[in-house]
Amino acid sequence: MAYGQMRVLLVDRVAGAVASMARVAGLAVRLATTTRMRPTDLYAAIATARFLAAHELIERAGAACEDDEEIELVQIRQPLWFGSTTIVEDDQ
C-alpha cells in the first residue's frame, strides 16, 4: 500500500469516526430537547446501557461456551466505546 493510500484511508476513517460522534451528539441533543430529560437523566441512561451491555456480553459468552465444550473462557472485555472494562478474567 502506497503512502498516499494510507493517508487517504486514515482521513476516511477519521471522517467516519467524526460523523459517528456527530450522530451520537445529535441523538443526545434530540433526546434532551424532546423528552425533557436533564443531563443527569441522560447520564443515568448511558450508565445503565453500559451495564446492560456487559450483562448481554456475559450471556453470549456463556452460551458460546455451552455450545462447544472445547472453548475455554479466559477473558470478557467490553468494547472501547463502553469503557474497555474487563468483566471476567481468568488468572491462570
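Just so you know, these numbers come straight off a predicted model, no measurement behind them. (Residues numbered from 1 in each chain as written. Predicted model: local features only at pLDDT ≥ 70, side-chain atom pairs only at ≥ 80, totals over all residues. Heavy atoms only, no water.)

Remarks on the overall build of the chain
When you go through the chain residue by residue, the secondary structure sums to two helices and two strands. The order of helices and strands in the chain, counted from the N terminus, is α-α-β-β. Counting the 92 residues in the chain, one finds 5% classified as buried. For the chain, long-range pairs separated by at least 24 residues make up 23% of all intrachain contacts whose partners lie at least 6 apart in sequence. Accessible surface, the chain: about 7900 Å² in total, of which carbon and sulfur atoms supply 62%. (Helix = DSSP H or I, 4+ residues; strand = E, 2+ residues; numbered from the N terminus. Buried < 20%, exposed > 50% of the residue type's maximum accessible area, 1.4 Å probe, protein only. Contact = heavy atoms within 4.5 Å. Areas by Shrake-Rupley, 256 points an atom, 1.4 Å probe, with all protein chains shown as cover.)

Some remarks on the confidence of the model for the chain
Where the model shows low pLDDT, its predicted coordinates should not be examined in detail. Overall, the predicted model of the chain reaches an average pLDDT of 77, with 85% of residues at or above 70. Looking across the chain, the model is least confident in strand S2 (residues 86-89), with a mean pLDDT of 66, and most confident in helix H1 (residues 3-34), with 83. (pLDDT = per-residue confidence, 0-100.)

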